[in-house]
Amino acid sequence: MVPAVSADSSSTSSTSFTPLVVLELASDTKQEAIAWLLSRIRDPQQNGGAELLVEQLGLGDGGSEKENPNLFLVGAKWQRLLSGAEEVGLFKEFSDGSMRGFTCANKHNFKHFEGDGDSFLSMAECQYIIKHELDTLRAKDETHVPGHPQAKLYPGKSIIRRLQSKGVLIQVFPLHEKEELKRLSYSWYQKVKLSFQPLDDIRRYYGEGQALYFGFLEYFTFALVPMALIGVPYYLFDWENYDKYVVFAVFNLVWCTVILELWKRFSTSLAYSWGTLSRKKAFEEPRPGFHGVLGFNPVTGREEPLDSNTKRQLRVYLVSLPFVLLCLYLSLYVMMIYFLMEGWVLSVHDEEPTFWTGVLLFIPSIIYAVVIEIMNLVYRYAAEFLTEWENHRLESSYQNQLVLKVLVFNFFNCFASLFYIAFAMQDMALLRQSLATLLITSQILNQFMEAFLPYWLQRRRNKKMMRKVQKRKAVAAAELPLAEQVRLEADMSTYLGTFDDYLELFLLFGYVSLFSCVYPLAAVLVVLNNITEVYSDAFKMCCVFKRPFSEPAANIGVWQLAFEAMSVIAVVTNCSLIGMSPQVKAYFPESEMQLILWTVAIEHGLLAFKFILSFIIPDVPKHIQIKLSRLEFESLEALKKKVQETAERLGPYLISGISPPRLLSSCLSPAHRRCERRSRGERRGSSRRLEK
């Protein structure tokens, strides 16, 4: 466990709390701004505060003046965390085995709730609750952050988001739990074994978003095993006969459709067991980087920046779209240079075939694979800049636009040459060589960039910190003290989410589903890559990156659509490859148009079968459907009972002069009443600002 620290020494009651989250402010932050922020974090909820515990982190033994003194540890009392669990709509296992939204009034009916409930919530859930409370901390009557007039505020503005956008708040991150992390590391990646990943432990420590990614990685790896088993003998016996790929292409068609439909069912089961399937999505606040003219949000009634949707669309279609098309043209130009290099190498080899000219045949593909990775990396930064410049109001809209830009370019950049070789040149031998070279080179580069480089950088940081500690204490301590541990974690790299991890799996899925029929070992290479990916990603999460905040998720989001779109393209590609095979062409020796018509007809039939299959296989298993329907029925019955009781009480109160809205507000849960009080306060603040 993380050691407890004493609460604010200025408070009347000296209590201790477990630090969960760290706030790091800029070293030049004004003292009046720090005092104001800490008071808002500590203030009771009825006064518009977060009602959390916060304490400044000391410099430690012999602290250096170069170290930032503005690090603060944030925690909360258990009763505050339980009420926060109700506010965020946390789902926990009920006494009857179903997953239900947690309520403080009904807390003793939930499984594993014992005593005061001090072990009922996981540390990741507690950190998520604290992050939610900090994010919902809003300005009242302040016009700017004290001591920082450039950080403008208005009633209802998120304080944390404003401090982040103005550079006053450098970072907010959750602390690692040393003992729990050791146990997770041992069961996850330190012990090499042939078994499933500890997804429940990963979910408990990192949250549902991370657990779903590793669950999908594991599922994708096992789904590739049948294709790999078929591919090995196919590779051994039919290696030089590129015409006999029809059977493997047909298997590709069925495989890429079935595994995605079965994944939906598997992810639904995981999401239900983790309590995120029925969890309602929280109302999205504007992004920290969103800017515009102050106005009133018609939904919330709060004053916030507003920007014209027309301007945003003009930026997308008049600037971003032409830029993406220009990048695609540059990618096409680089591809043509690659083919010129390939032609020159082939001519050299044909003139005088030797061992070295045979090695030279692979050089253009290796160079092209490295250039592809560099272009993908440069384009990623450009896409992030453009998407930020488009000024999307919501984080979901920003992520969707970014994913769309990156997927379009990466798909074209990685697969355009393979499509050209397959359908323009119709050279199956060159297609096999190019696919193998691109796949192997990209895997080596990804492993280096994702595992070895971060590991080496983190080892340098760890050694530097340990030298500091040993100089101060003059002894080699087995474990760092809390102050040094926090500063070490503050210097660790920030985990940027699962975007790049899903993108890598998306491209690997494309290599396997599109063209693996001409290179059957593609599935074997991807299986080996995924096995090493599990261990390298697990190592990075535990040793290289800061602990990320838990992100509730019921599925893999927009990436499900991306994989399904790839599977549709795979149907078209494999049908075209089948139509080009000499075995099929032999059935249409005289009419090429008839062959094309039959290929298109079969391709449309397979697409129709694919969509019918998606409807036949239900996304939600039957037993989960029954549990969800039962929970909905019980909720409706409880609502009817509540309305009936309210109606019976309404008559006498109306006679005595109490208004119905006041009576109805008395029936709300404590969390709803707190939200209502906060909204009324924000509306009053906005009204006073308008009067001024």
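Cut-offs applied
- Residues numbered from 1 in each chain as written.
- Predicted model: local features only at pLDDT ≥ 70, side-chain atom pairs only at ≥ 80, totals over all residues.
- Heavy atoms only, no water.
- Helix = DSSP H or I, 4+ residues; strand = E, 2+ residues; numbered from the N terminus.
- Buried < 20%, exposed > 50% of the residue type's maximum accessible area, 1.4 Å probe, protein only.
- Contact = heavy atoms within 4.5 Å.
- Areas by Shrake-Rupley, 256 points an atom, 1.4 Å probe, with all protein chains shown as cover.
- Core = buried A, V, L, I, M, F, W, Y, C linked by side-chain atoms within 4.5 Å.
- 1 Å grid on protein atoms, 1.4 Å probe; cavity = no way out; pocket = protein on both sides within 12 Å on 5 of 7 lines; lining within 4 Å.
- Points joined across faces, edges and corners; volume = space filled by probe spheres on them.
- Nonpolar A, V, L, I, M, F, W, Y, C, P; charged D, E, K, R; others polar.
- Phe/Tyr/Trp six-rings, centres within 6.5 Å; stacked < 30°, edge-to-face > 60°.
- Lys NZ or Arg CZ within 6 Å of the ring centre and 35° of its normal.
- Pairing = 2+ DSSP bridges.
- Axes fitted to C-alpha atoms, helices over the stretch in contact; angles between N-to-C directions.
- pLDDT = per-residue confidence, 0-100.
- Parallel < 35°, antiparallel > 145°, perpendicular 65-115°, else oblique.
- Left-handed = near helix turned anticlockwise from the far one by under 90°.
- Polar contact = N/O pair within 3.5 Å; in protein donor to acceptor, adjacent residues only side chain to side chain.
- Salt bridge = Lys/Arg side-chain N within 4 Å of Asp/Glu carboxyl O.

Trainee: Before we go on, may I ask you to explain the overall build of the protein chain in this structure?
Mentor: Secondary structure summary: the protein chain contains 22 helices and 12 strands in total. The buried share among the 692 residues of the protein chain stands at 48%. Once local pairs closer than 6 in sequence are excluded, the contacts in the protein chain between residues at least 24 apart make up 73%. Total accessible area on the protein chain stands at roughly 34,500 Å², and carbon and sulfur atoms take up 63% of it.

Trainee: I keep staring at the nonpolar core and nothing clicks. Help me out?
Mentor: A general feature of soluble globular proteins is that nonpolar side chains tend to end up buried together. By size, the foremost hydrophobic cluster in this structure holds 103 residues, and its most contacted members are Trp188, Tyr206, Trp255, Phe509, Phe515 and Trp559. Here the element with the most residues in this core is helix H7 (residues 208–237); it accounts for 13 residues. Ignoring sequence-local partners within four residues, the contact set of Phe515 consists of Leu418, Phe419, Ala422, Phe423, Leu431, Leu435, Gly510, Thr573 and Leu577. In terms of nonpolar packing, the next biggest core, distinct from the first, is built from 44 residues, Leu20, Ala33, Tyr128 and Val168 among them.

Trainee: Quick question: what am I supposed to make of the layout of surface pockets here?
Mentor: One water molecule sets the probe size; rolling that probe over the atoms shows where empty space is left. Empty space within the second largest pocket amounts to approximately 1,200 Å³. Looking at the second largest pocket, it is lined by 41 residues, and the ones nearest its centre are Leu377, Asn446, Met449, Glu450 and Asp500. When residues in the lining of the second largest pocket are grouped by element, the largest group, 11 residues, is from helix H13 (residues 428–473). Of the residues contributing to the lining of the second largest pocket, the split by class is 23 nonpolar, nine polar and nine charged.

Trainee: Explain the packing of aromatic side chains to me, please; I cannot follow it from the model alone.
Mentor: Scanning the entire structure with this criterion turns up 35 aromatic pairs. Ring centres 5.4 Å apart and planes at 55 degrees place the aromatic pair Phe102 and Phe110 in the tilted group. A single burial state applies to Phe102 and to Phe110, both of which are buried. A ring pair is formed by Phe339 and Tyr420, whose centres lie 4.9 Å apart and whose planes are at 40 degrees; its orientation type is tilted. On the criterion of sequence distance, the pair formed by Phe339 in helix H9 (residues 309–351) and Tyr420 in helix H12 (residues 395–425) is long-range, its members being 81 residues apart. Among the residues examined, Tyr420 registers a relative accessible area of 35% and is labelled partly exposed. It is Lys92 that lies over the ring of Phe120; its NZ or CZ is 5.1 Å from the centre. When the ring centre of Phe173 is taken as origin, the NZ or CZ atom of Lys546, which lies over that ring, is 5.9 Å away.

Trainee: Just checking my understanding: could you explain the sheet that holds strand E3 (residues 21–25) for this structure?
Mentor: By definition, the strands of a sheet pair up through backbone hydrogen bonds, in either a parallel or an antiparallel sense. As summarised here, the arrangement of the four strands in space is E4-E5-E3-E10, forming an open sheet in which the pairing is antiparallel. Each having just a single partner strand, strand E4 (53–56) and strand E10 (169–174) make up the two edges of the open sheet. On average, each strand axis in the sheet is inclined to that of its neighbour by 20 degrees, with strand direction left out of account. Sheet topology places E3 next to strand E5 (residues 71–75); four bridges connect them, and they run antiparallel. For Glu24, the partnering residue across the bridge sits in E5 and is Leu71. Each of E3, E5 and E10 is contacted by helix H3 (residues 123–135), which is oriented at about 40 degrees to E3, the strand it contacts most.

Trainee: I'm lost on the confidence of the model for the protein chain in this one. Help?
Mentor: Close inspection of predicted coordinates is inappropriate in any region flagged by low pLDDT. Summary statistics for the protein chain give a mean pLDDT of 81 and a share of 83% for residues scoring 70 or more. Residue range residues 8–14 is modelled with pLDDT below 50. Its contacts to residues more than four positions away, or to other chains, number four contacts. Here residues 471–477 scores under 50 on pLDDT; set against residues more than four positions off or in separate chains, the count is 13 contacts.

Trainee: Before we go on, may I ask you to explain helix H14 (residues 482–491) in this structure?
Mentor: In an α-helix there are 3.6 residues to a turn, and that puts residues three or four apart on one side. Counting buried positions over the 10 residues of H14 gives nine, a clear majority of the element. Among all positions in H14, only Leu482, Ala483, Glu484, Gln485, Val486, Arg487, Leu488, Glu489 and Ala490 are buried.

Trainee: It is not clear to me how the side chain of Thr437 should be interpreted in this structure. Could you clarify?
Mentor: If you trace the backbone, Thr437 turns up in helix H13. For Thr437, a relative accessible area of 7% corresponds to the buried category. With sequence-adjacent residues up to four places away left out, Thr437 is seen in contact with Phe362, Ser365, Ile366 and Ala369.

Trainee: I would appreciate a short explanation of the packing of H7 against helix H16 (residues 522–544) in the present structure.
Mentor: Think of two packed helices as two axes; the pair is described by the angle between the axes and how far apart they sit. Interaxial distance between H7 and H16 falls to 7 Å at its minimum, and their mutual angle equals 160 degrees. Between H7 and H16, the angle is such that the two are roughly antiparallel. In terms of crossing hand, the pair formed by H7 and H16 is left-handed. Residues Gln210, Tyr213, Phe214, Leu217, Phe220, Thr221, Leu224, Val225, Met227, Ala228 and Val232 of H7 form the contact with H16, whose own contacting residues are Ala523, Val524, Val526, Val527, Asn530, Ile531, Glu533, Val534, Asp537, Ala538 and Met541. In terms of residue class, the contact of H7 with H16 is made up of 17 nonpolar, three polar and two charged.

Trainee: I keep staring at the environment of Glu208 and nothing clicks. Help me out?
Mentor: Tracing the sequence through the fold places Glu208 in helix H7. Considered as a pair, Glu208 and Ala271 are 63 residues apart in the sequence and their alpha carbons are 7.9 Å apart. Discounting residues that sit within four places of it in the chain, Glu208 has contacts with Arg203, Trp274, Thr276, Ser550, Glu551, Pro552 and Ala553. A polar contact is formed between the side chain of Glu208 and the side chain of Arg203, at a distance of 3.1 Å.

Trainee: I keep staring at the packing of H9 against helix H11 (residues 363–389) and nothing clicks. Help me out?
Mentor: Direction vectors running N to C along H9 and H11 enclose 175 degrees, while the axes themselves pass 11 Å from each other. The angle between H9 and H11 places the two elements in the roughly antiparallel class. Of the residues assigned to the contact of H9 with H11, the class counts are 19 nonpolar, three polar and two charged.

Trainee: It is not clear to me how the pattern of salt bridges should be interpreted in this structure. Could you clarify?
Mentor: Opposite charge on two side chains permits them to pair, given that their charged atoms come into close proximity. According to the stated counting rule, one finds 18 salt bridges in the structure shown. Measuring nitrogen to oxygen at the nearest pair gives 2.6 Å for the salt bridge that ties Arg183 to Glu180. Note that Arg183 and Glu180 are positioned in helix H5 (residues 178–190) at a spacing of three residues, about one turn of the helix. We note a salt bridge from Asp307 to Arg315, for which the minimum N-O separation is 3.5 Å. In this structure, a network of salt bridges that share partners links the residues Lys92, Glu125, Arg203 and Glu208.

Trainee: Hey, could you run me through the environment of Asp135 in this one?
Mentor: Structurally, the position occupied by Asp135 is in helix H3. For Asp135 and Ile159, which are 24 residues apart along the polypeptide, the C-alpha to C-alpha distance reads 7.5 Å. Other than its neighbours up to four places away in sequence, Asp135 contacts Ser158 and Ile160.

Trainee: How do you make sense of unusual backbone geometry when you look at a structure like this?
Mentor: Excluding glycine, a negative phi dihedral is what most residues carry, and trans is how most peptide bonds are arranged. Notably, Glu51 is not glycine yet its phi reads approximately 55 degrees, a positive angle. Tracing the backbone shows Glu51 in the loop between helix H1 (31–42) and E4. One non-glycine residue, Asn391, lies in positive phi territory at about 65 degrees. Residue placement: Asn391 occurs in the loop between H11 and H12.

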